[in-house]
Amino acid sequence: MQHTTAAVAASAFGLISSDRPRTLLREDGQRPALDAIWQLLDTVPDPEVPVISVVELGIVRQLNWQQDRLVVTLTPTYSGCPATQAIADAIHMALWQAGLEQIELQEQLSPPWTTDWISPAGRDKLRAYGIAPPAGSASKRTLLGEEPEVHCPHCGSVHTSVISEFGSTACKALYRCDDCREPFDYFKCI
Amino acid sequence: MTAQLNSACRQALVDYLLHLGDSDTVMSQRLCEWVGHAPALEEEVAMANVGLDLLGQARSWLSYAAELEDQGRDADQLAFLRDEREYRNLLITEQANGNFADTMARQFFFDAWHFHLLTALCQSTDAQVQAIARKGLKEVTYHLRRSTAWIKRLGDGTAVSHQKMQDAIDDIWTYTGEMFTATSTDPLLVEAGIVPASAPLQQQWLGYVQATLQEATLTCPDENAYMQIGGRQGLHTEQLGYLLAEMQFLPRAYPGATW
């Protein structure tokens, strides 16, 4: 019953539940469809921003079968992101809970992760969570150029200013809204 | 790609990868020393974040070095179980933090080198070097943007901040030349298109540094001044031994410790 309570609490806070039935286990012994696995991984939350899934964040790049072994290709967001291992563990656990036993996780560096891979649904969820999603695309001009136009996730104002280039995690910068005066995290474009 | 490397080239690449990985490791360790001591919370977070990026890149370089040397060691063993004389980091990375201006001068010169080097390594003929460089460049672009902004703010700030920034630049300058010195085996890698030649890199670096310092109303020291070298041969300044003693204490005192 503890799981059920946790699931209810999680859904009340808009978080993704980690309560999983063994949905991928098939009685006929056949491999489950890749679509079903993608759907399952879309319920695995990012450990730092638990409203968005690892699929929406663009970390899961590929799923393949090598005979009866599922190969999951992951790409880290930042080279030193401490959540990388936690994400790999969470994915492994989710697949295992759902009934898969032969799982291999592979790390892929190239092409490097970009915020352009965050899905539109993921961007909306970030905003609703109080984190301004990356503005525009990750072209070199954005990286080197002038400040991007960052919208306050609370009041929508464009009158915002940067407090620090680096925020609570490597992927975020710290901003302040000059209208509603609230500080907020901005998901940097890379 | 790695299968095509002959043994001389392979050894040269291992050496070069250690140079990159060690420089990132030591720079990261220095930056993280600021945690709990920085002048403002935002800057403390920023320095820890930059340090974290560098640590991640160090892990990639050292993992690849470990794979190529094929001695059964991994990235952690390379980082924690090698002595000072085996470290191949740039001398500039091991210099003490000093005051905030000293740290930012060191960071700016390092970031400008790192940015231009990784940009060139994105064209490397070695697929893994290219992949690590492409990933790291995105992060280093932010590092350079931040340190460049601080050079301008402090240089073109008050009389006191200007003087401190100029002193910091003059003090660390003697360690910048080493970034563009090659070892005896580097030419093998340049010829194979794995790493860029250092002369054009130096020109790009100098151009960027001179333009930034000019905008910051600071004086760029003499580019032909005497330069300290030795890091790539394992000949370090006094600073590195103390840094490694602290960094390596735990895995040396408790071999195989995990948490």
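Residues numbered from 1 in each chain as written. Chains lettered and ligands numbered in written order. Predicted model: local features only at pLDDT ≥ 70, side-chain atom pairs only at ≥ 80, totals over all residues. Heavy atoms only, no water.

- If you look chain B up in an unreviewed UniProt entry, it shows as Phenylacetic acid degradation protein from Pokkaliibacter plantistimulans.

A few points about the overall build of chain B
In step 1: Each helix and strand in chain B was counted, giving ten helices and zero strands.
In step 2: Secondary structure elements of chain B, listed N to C terminal, follow the sequence α-α-α-α-α-α-α-α-α-α.
In step 3: In terms of its C-alpha atoms, chain B occupies a principal-axis envelope of roughly 55 × 45 × 30 Å.
In step 4: Classification of the 259 residues of chain B by burial places 54% in the buried group.
In step 5: Contacts in chain B between residues at least 24 apart in sequence constitute 81% of all its contacts with a sequence separation of at least 6.
In step 6: Positive and negative side-chain charges in chain B, numbering 18 and 33 respectively, have mean positions lying 5 Å apart. (Helix = DSSP H or I, 4+ residues; strand = E, 2+ residues; numbered from the N terminus. Buried < 20%, exposed > 50% of the residue type's maximum accessible area, 1.4 Å probe, protein only. Contact = heavy atoms within 4.5 Å. Lys, Arg positive; Asp, Glu negative; His and termini not counted. Charge placed at Lys NZ, Arg CZ, Asp CG, Glu CD.)

Overview of helix H4 (residues 120-129) of chain A
All names here are of chain A.
In step 1: Along H4, the positions that sit buried rather than exposed are Gly 122, Arg 123 and Leu 126. Down the axis of H4, the sector holding all buried residues measures 100°, keeping them to one side. For H4, the exposed residues lying more than 90 degrees away from the buried face are Pro 120 and Ala 128.
In step 2: The elements touched by buried residues of H4 are strand S4 (131-132) and strand S7 (183-187).
In step 3: Just past H4, the residue Gly 130 takes up positive phi, approximately 100°. (Arc of directions from axis to C-beta.)

Remarks on the domain arrangement of chain A
Residue and element names in this part refer to chain A.
In step 1: Taken as a whole, chain A is organised into domain 1 (2-107) and domain 2 (115-187).
In step 2: On the side of domain 2, 14 residues touch domain 1, which itself brings eleven residues to the contact.
In step 3: Of the roughly 1100 Å² buried between domain 1 and domain 2 on both sides combined, carbon and sulfur atoms contribute 70%.
In step 4: In this assembly, domain 1 and domain 2 are joined by one salt bridge.
In step 5: A salt bridge links Glu 56 to Lys 125; the shortest N-O distance between them is 2.7 Å.
In step 6: Residues of the side of domain 1 that touches domain 2, tallied by class, amount to six nonpolar, two polar and three charged. (Domains from an automatic or database assignment. Buried area = accessible area lost by both parts, 1.4 Å probe. Salt bridge = Lys/Arg side-chain N within 4 Å of Asp/Glu carboxyl O. Nonpolar A, V, L, I, M, F, W, Y, C, P; charged D, E, K, R; others polar.)

Observations regarding the sheet that holds strand S3 (residues 103-107) of chain A
Residues and elements named next belong to chain A.
In step 1: Overall, mixed pairing links the three strands, which are arranged S1-S2-S3 in an open sheet. Looking along the sheet, the strands with just one partner apiece sit at the ends: strand S1 (60-66) and S3. Strand-to-strand twist of the sheet, defined as the mean angle between neighbouring strand axes without regard to direction, takes the value 20°.
In step 2: Pairing geometry for S1 and strand S2 (residues 69-74), over six bridges, is antiparallel. Paired with Trp 65 across the bridge in S2 is Leu 70.
In step 3: Sitting on the sheet, helix H2 (residues 34-41) is in contact with S1 and S2, with an inclination near 140° to S1.
In step 4: Against the sheet, helix H3 (residues 83-97) contacts S1, S2 and S3, and its axis sits at roughly 155° relative to S3. (Pairing = 2+ DSSP bridges. Axes fitted to C-alpha atoms, helices over the stretch in contact; angles between N-to-C directions.)

Section: the interface of chain B and chain A
In step 1: At the junction of the two partners, chain B supplies 25 residues and chain A supplies 29 residues.
In step 2: Here chain B meets chain A over a buried area of about 2400 Å², counting both sides, of which 62% is carbon and sulfur.
In step 3: Three residues stand out in chain B for area buried against chain A, namely B:Lys135, B:Tyr142 and B:Arg145, and they jointly supply 32% of the buried area on that side.
In step 4: Counting across the chain B and chain A interface gives two salt bridges.
In step 5: A salt bridge links A:Glu107 to B:Arg59, with the shortest nitrogen-to-oxygen separation between them at 3.9 Å.
In step 6: If you look at where chain B meets chain A, you find nine residue pairs in polar contact (both at pLDDT 80 or more).
In step 7: For the side of chain B that touches chain A, the secondary structure elements donating two or more residues are helix H2 (41-69) and helix H6 (127-155) of chain B.
In step 8: Tallying contributions element by element places H6(B) first for the side of chain B that touches chain A, with 13 residues.
In step 9: For the side of chain B that touches chain A, the per-class residue count stands at nine nonpolar, seven polar and nine charged. (Polar contact = N/O pair within 3.5 Å; in protein donor to acceptor, adjacent residues only side chain to side chain.)

A look at the sheet that holds strand S6 (residues 172-177) of chain A
Residues and elements named next belong to chain A.
In step 1: Pairing is mixed across the open sheet formed by four strands, whose spatial order is S4-S7-S6-S5. Two strands in the sheet have a free side with no partner beyond their single neighbour: S4 and strand S5 (160-164).
In step 2: Note that S6 and S7 share five bridges and pair antiparallel. Counted as the bridge partner of Lys 172 is Phe 187 from S7.

Some remarks on the packing of aromatic side chains
In step 1: One pass over the full model with this rule turns up twelve aromatic pairs over all chains.
In step 2: When the centroid spacing of 6.3 Å and the interplanar angle of 80° are considered together, the rings of B:Trp34 and B:Phe100 count as edge-to-face. Remark: B:Phe100 occurs in helix H5 (residues 100-121) and B:Trp34 occurs in the loop between helix H1 (7-32) and H2; sequence separation between them is 66 residues.
In step 3: A relative accessible area of 9% places B:Trp34 in the buried class.
In step 4: When the centroid spacing of 5.0 Å and the interplanar angle of 80° are considered together, the rings of B:Phe100 and B:Trp150 count as edge-to-face. Highlighted residues: B:Phe100 in helix H5 and B:Trp150 in helix H6, separated in sequence by 50 residues.
In step 5: A network of ring pairs unites the aromatic residues B:Phe108, B:Phe109, B:Trp173, B:Phe180, B:Trp205 and B:Tyr208 as a single cluster.
In step 6: For A:Arg61, the ring lying beneath its charged end belongs to A:Trp117, and the centroid distance is 3.5 Å.
In step 7: The ring of B:Tyr142 is capped by A:Lys188, whose NZ or CZ atom sits 4.6 Å from the centre of that ring. (Phe/Tyr/Trp six-rings, centres within 6.5 Å; stacked < 30°, edge-to-face > 60°. Lys NZ or Arg CZ within 6 Å of the ring centre and 35° of its normal.)

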